[in-house]
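Below, each chain spelled out in residue letters.
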Amino acid sequence: VQLQASGGGLVQAGDSLRLPCAASGRTFSDYAMAWFRQAPGKEREFVAGISGSGITTYYADSVKGRFTISRHNANTTVYLQMNTLKPEDTAVYYCATANQRILSGNRWSDSSKYGYWGQGTQVTVSS
């Protein structure tokens with residue numbers, strides 16, 4: 001399984017950015033996907049997750065209402081649309097694929113539920 005995240009960059013506060021993550025190596029729609037991020041000096045944290053069907057989504061409180069996760073199963077790609085970016089959103093963003101079709105509640109943020117990770121893409125938001 002390979003995950004390739006891209007789309008990061010340097011933006012200003014209030015701007016938008018969309019991160020795609022292309023997946024290959026297994027049946028894409030059979031597995032939930034998620035985005036995590038890691039800021040300098042901090043632990044990696046959950047951002048958003050989406051079920052294999054795309055029907056169920058789950059967000060960290062810090063991004064709820066600003067970020068949207070979606071997936072295009074035919075293109076085996078998951079997206080993270082980030083709006084109204086803030087300096088505190090600055091981090092390396094990682095996509096990950098879970099070991100099951102859907103997670104529930106706090107399991108979305110449990111990194112041990114994800115078997116494969118992408119290489120990360122840097123997002124920097126200037127004030």
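In what follows, the structure referred to is the one given above.
None of these values were measured; they are calculated from a predicted model. (Residues numbered from 1 in each chain as written. Predicted model: local features only at pLDDT ≥ 70, side-chain atom pairs only at ≥ 80, totals over all residues. Heavy atoms only, no water.)

## So, unusual backbone geometry
At step 1: Here the phi dihedral of Thr76 falls at roughly 45°; this positive angle occurs in a residue that is not glycine.
At step 2: Looking at the element boundaries, Thr76 is found in the loop between strand E7 (67-72) and strand E8 (77-82).
At step 3: On the accessibility criterion, Thr76 (26% relative accessible area) is partly exposed.
At step 4: The phi torsion at Thr84 lies on the positive side, around 45°, for a residue other than glycine.
At step 5: For Thr84, the position within the fold is in the loop between E8 and strand E9 (91-98). (Helix = DSSP H or I, 4+ residues; strand = E, 2+ residues; numbered from the N terminus. Buried < 20%, exposed > 50% of the residue type's maximum accessible area, 1.4 Å probe, protein only.)

## A look at the pattern of salt bridges
At step 1: For the structure on display, the rule yields five salt bridges.
At step 2: Where Asp30 meets Arg101, a salt bridge forms, and the shortest distance between an N and an O atom there is 3.3 Å. Of this pair, Asp30 sits in the loop between strand E3 (17-24) and strand E4 (33-38) while Arg101 sits in the loop between E9 and strand E10 (114-117), and the two are 71 residues apart along the sequence.
At step 3: Of the residues examined, Asp30 reaches a relative accessible area of 29% and is grouped as partly exposed.
At step 4: Using a relative accessible area of 47% as the deciding quantity, one classes Arg101 as partly exposed.
At step 5: With a shortest N-O distance of 2.9 Å, Arg37 and Asp89 are connected by a salt bridge. Here Asp89 lies in the loop between E8 and E9 and Arg37 lies in strand E4, a separation of 52 residues in the sequence. There is no split in this pair, since Arg37 and Asp89 are both buried.
At step 6: Residues joined in a network through salt bridges with shared partners are Arg37, Glu45, Arg66 and Asp89. (Salt bridge = Lys/Arg side-chain N within 4 Å of Asp/Glu carboxyl O.)

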